[in-house]
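Single-letter residue listing:
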Amino acid sequence: MAGSVPGVPSDQNAPACPTCDQPLTGLAMALFKRDDDGERTCRAVWGCALGHVWWQWADRARLPLEPCPRPDLFT
Ligand SMILES: [Zn+2]
């Protein structure tokens with residue numbers, strides 16, 4: 001069991017993969033400028049054992065996961 005890595009989302013409260021229902025693991029936190037409000041904020045990047053990669057705004061965790069368009073950056 002790996003320890004927690006600074007900057008990576010905690011696996012506590014990790015969502016399940018919307019595609020295959022496998023548990024998701026935090027891969028990274030990535031800083032982005034958000035188009036709708038101009039904020040520079042983090043996206044939490046999640047991956048499952050089958051290679052699906054999702055992300056969500058770290059401060060909007062209640063919103064649904066979105067498919068990550070560049071999973072190659074994080075896996
Ligand atoms: Zn999956």
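The shown structure was predicted, so the numbers you read here are calculated from the model rather than taken from an experiment.

A. Broad picture of the pairing of strand β3 (residues 53-57). For β3, the buried fraction is high: 4 of the 5 residues fall into the buried class. Examined bridge by bridge, strand β2 (residues 40-47) and β3 share 5 bridges and lie antiparallel to one another. Paired with Arg43 across the bridge in β3 is Trp57. Direction of pairing for β3 relative to strand β4 (residues 66-67): antiparallel, over a ladder of 2 bridges. Paired with Trp54 across the strands is Pro67, a residue of β4.

B. Main features of unusual backbone geometry. For Asp21, which is not a glycine, the phi torsion comes out positive at approximately 70 degrees. Of note, Asp21 is situated in the segment before β1 (25-33).

C. View of the pairing of β1. As judged from the 8 bridges shared by β1 and β2, these two strands associate in the antiparallel manner. Its bridge partner lying in β2, Gly26 is registered against Trp46. The antiparallel hairpin formed by β1 and β2 contains 6 residues in its connecting segment, where Gly38 sits at a positive phi of about 75 degrees.

Criteria and cut-off values
- Residues numbered from 1 in each chain as written.
- Predicted model: local features only at pLDDT ≥ 70, side-chain atom pairs only at ≥ 80, totals over all residues.
- Buried ≥ 20, exposed ≤ 12 C-beta atoms within 10 Å, placed from the backbone.
- Helix = DSSP H or I, 4+ residues; strand = E, 2+ residues; numbered from the N terminus.
- Pairing = 2+ DSSP bridges.

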